[in-house]
Amino acid sequence: MPHNGLIDTPLGRLALGALLVAAAAICSARADEVSDFYSHKTVSLIVGFPPGGGYDANARVLARHFGQFIPGHPSVVPTNMPGAGSMSAANRVYNDQPNDGSVLGMFASSAIMEPLLGDKAALFEPTKFSWIGSMSQEVAYCGVWQKPGAVTSFDEILHGDKETIFGGGAPAAVTYQHPLILENVLGAHIRFVPGYAGSRAIYLAMQRGEVNGICGIYTSSIKSQFLDGVKSGRLKLVIQMGPKKSAAFGNIPSVYDYAKTDEERAILDVYFKQLVLGRPLAGPPGIPPARLAALRQAFMATMKDNDFLAEASKVGLDIDPATADEVEQLLHRFASFSPAIFAKARQAIGR
């Protein structure tokens, strides 16, 4: 192997040794700085949805294990900040929280996409968050509450004469956007009633008979909150939406099965490929690099930890993590979509 003969001299070996010692000292100093910063601190984890939902469940399980993998072992405390389909939390984390690594947020992938869809209320640039990773790469479903006369398949919703009433949340929430996409892109016969606080509130509204169905419920939410309804047959899952097709609840058709043109598939991509970001975790822009690297390493270590995985399984959470690099690559890909596709995507959700 070619080498520099100077290294083989006593002076060269001495210089190389000094460089290695200096590099080790720098790495050690950085590690000590991160550990010193987090020691005896509390990391706030802001959740963009109310208690009791899927995001809340993921955040609370994460919080119980995450801190042990962060240098200095800080406490991690989740707090709920619902509003605007979690966009309120995204705005708050991006603009109003310290960027020292002490505050992180978890919000919906649909909220993250809002600036790309022209929403002026989204006061952030998705690619500039300090991305930590995503706990899961989700598949979302639409379900219909079964009572006499209820539809039992998406084909009935698509081709039947009767409207199916779906409840939804705020405009940035998947529970709002997904039924509108089925209506405006695929032509499903849907009447939409927005304004519910979250998926749990819509589920209760189905039981009361206010609405017939719900869209945008993730696999992990079904397993942790709605599994009894699915297993009993009271909640009939009729279509799935996501970056991959799942057999978790049987042979349920994919939204992509009904796309007729390349343009329709591209519009569906805007909304459903983003579900790689099923439960994303991010901090404000500008977290110091050493702390950001430590948080990313701690996050992925948590995702592999046996105690964490056991608790996640016990409460029905599906853990299928994406790294910070994967999140950033996906967001850059979305940012490269043509204006024409985004214009059609905005029309699909009534904008």
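Here the structure is a predicted model, which means the values were calculated and not measured.

## Section: the overall build of the chain
Across its full length, the chain holds 13 helices and 11 strands. Each of the three principal axes of the chain carries a C-alpha extent, and together these read 90 × 40 × 40 Å. The buried share of the chain, reckoned over its 351 residues, is 51%. At a minimum sequence separation of 6, the contacts of the chain that also span at least 24 residues come to 79%. Counting every atom, the chain has about 15,100 Å² of accessible surface; 55% of that belongs to carbon and sulfur.

## With respect to the state of the cysteines
Applying the stated criterion across every chain yields a total of 1 disulfide. Disulfide pairing places Cys142 opposite Cys215 at an S-S distance of 1.9 Å. With the S-S bond torsion at 110°, the cross-link from Cys142 to Cys215 turns out right-handed. You can see Cys142 sitting in strand β5 (residues 140-145) and its partner Cys215 sitting in strand β8 (residues 213-218), a full 73 residues away along the chain. With respect to class, Cys142 is no different from Cys215; both count as buried.

## A closer look at unusual backbone geometry
Phi is positive for His40, which is not a glycine, with a value near 65°. Looking at the secondary structure, you find His40 in the loop between α1 (10-38) and β1 (42-47). In this model, Ser86 sits at a positive phi of 85°, which is unusual for a non-glycine residue. Turning to its location among the elements, Ser86 is positioned in the loop between β2 (75-80) and α3 (87-96).

## Observations concerning the nonpolar core
Considering soluble globular proteins, one finds that nonpolar side chains tend to be buried as a cluster. Judged by nonpolar contacts, the single largest core of 97 residues is most densely connected at Phe66, Phe154 and Leu182. Each residue touching Phe66, except ones within four places of it in the same chain, is listed here: Val76, Leu104, Leu281, Leu295, Ala298, Phe299 and Thr302. Ranked by size, the runner-up nonpolar core spans 18 residues in total, among them Trp145, Tyr203, Phe226 and Ile252.

## Observations regarding helix α13 (residues 339-348)
Every buried residue belonging to α13 is among Ile341, Phe342, Ala345 and Ala348, and all of these are buried. Taken down its axis, α13 places every buried residue within 110° of arc, on the same side. Those residues of α13 that are exposed and angled more than 90 degrees off the buried face are Pro339, Ala340 and Gln347. Looking one or two residues past α13, Gly350 carries a phi angle of roughly 80°, positive in sign.

## A short note on the sheet that holds β1
Spatially, 6 strands are ordered β2-β1-β3-β10-β4-β11 in an open sheet, and the strand pairing comes out mixed. Two strands lie at the open edges of the sheet, namely β2 and β11 (322-323), each paired on one side alone. The sheet contact formed by β1 and β2 spans 6 bridges and is parallel. Among the inter-strand pairings, Thr42 is bridged to a residue of β2, identified as Ser75. Sitting on the sheet, helix α12 (residues 324-335) touches β4 (130-134) and β11, and the angle it makes with β4 is about 105°.

## Topic: the packing of helix α10 (residues 289-304) against helix α11 (residues 306-314)
Running from amino to carboxyl end, α10 crosses α11 at an angle of 60°, the nearest separation of the two axes being 5 Å. Viewed along their axes, α10 and α11 adopt a mutual orientation that is oblique. Seen from α10, the contacting residues are Thr302, Met303 and Lys304; seen from α11, they are Asn306, Phe308 and Leu309. The residue makeup of the contact of α10 with α11, split by class, is 3 nonpolar, 2 polar and 1 charged.

## So, the pattern of salt bridges
Between side chains of opposite charge, a pair can form as their charged atoms come close. Under the criterion given, the structure shown has 14 salt bridges. In this structure, Asp318 and Lys223 form a salt bridge, with 3.2 Å as the shortest nitrogen-oxygen distance. In this pair, Asp318 is assigned in the loop between α11 and β11 and Lys223 in helix α8 (residues 219-232), connecting sequence segments 95 residues apart. Residue classification places Asp318 among the partly exposed residues on the basis of a relative accessible area of 28%. One salt bridge connects Asp320 with Lys244, and the closest N-O pair in it is separated by 2.8 Å. You can see Asp320 sitting in the loop between α11 and β11 and its partner Lys244 sitting in the loop between β9 (235-241) and α9 (262-272), a full 76 residues away along the chain. Since its relative accessible area comes to 28%, Asp320 is described here as partly exposed. Here Lys244 falls in the partly exposed class, since its relative accessible area comes to 42%.

## Considerations on the pairing of β9
Most of β9 sits inside the fold, with 6 of its 7 residues counted as buried. Pairing analysis gives 6 bridges linking β5 to β9, with the strands arranged antiparallel. The residue of β9 that forms the bridge with Ala140 is Met241.

## Brief notes about the packing of helix α6 (residues 174-184) against α9
Interhelical geometry of α6 versus α9 gives an angle of 170° and a closest axis separation of 11 Å. As summarised for this structure, α6 and α9 are arranged roughly antiparallel, according to the angle between their axes. On the side of α6, the interface is formed by Gln177, His178 and Ile181, while α9 contributes Leu268, Tyr271 and Phe272. Split into classes, the residues belonging to the contact of α6 with α9 amount to 4 nonpolar, 2 polar and no charged.

Conventions adopted
Residues numbered from 1 in each chain as written. Predicted model: local features only at pLDDT ≥ 70, side-chain atom pairs only at ≥ 80, totals over all residues. Heavy atoms only, no water. Helix = DSSP H or I, 4+ residues; strand = E, 2+ residues; numbered from the N terminus. Buried < 20%, exposed > 50% of the residue type's maximum accessible area, 1.4 Å probe, protein only. Contact = heavy atoms within 4.5 Å. Areas by Shrake-Rupley, 256 points an atom, 1.4 Å probe, with all protein chains shown as cover. Disulfide = S-S within 2.5 Å. Core = buried A, V, L, I, M, F, W, Y, C linked by side-chain atoms within 4.5 Å. Arc of directions from axis to C-beta. Pairing = 2+ DSSP bridges. Axes fitted to C-alpha atoms, helices over the stretch in contact; angles between N-to-C directions. Parallel < 35°, antiparallel > 145°, perpendicular 65-115°, else oblique. Nonpolar A, V, L, I, M, F, W, Y, C, P; charged D, E, K, R; others polar. Salt bridge = Lys/Arg side-chain N within 4 Å of Asp/Glu carboxyl O.

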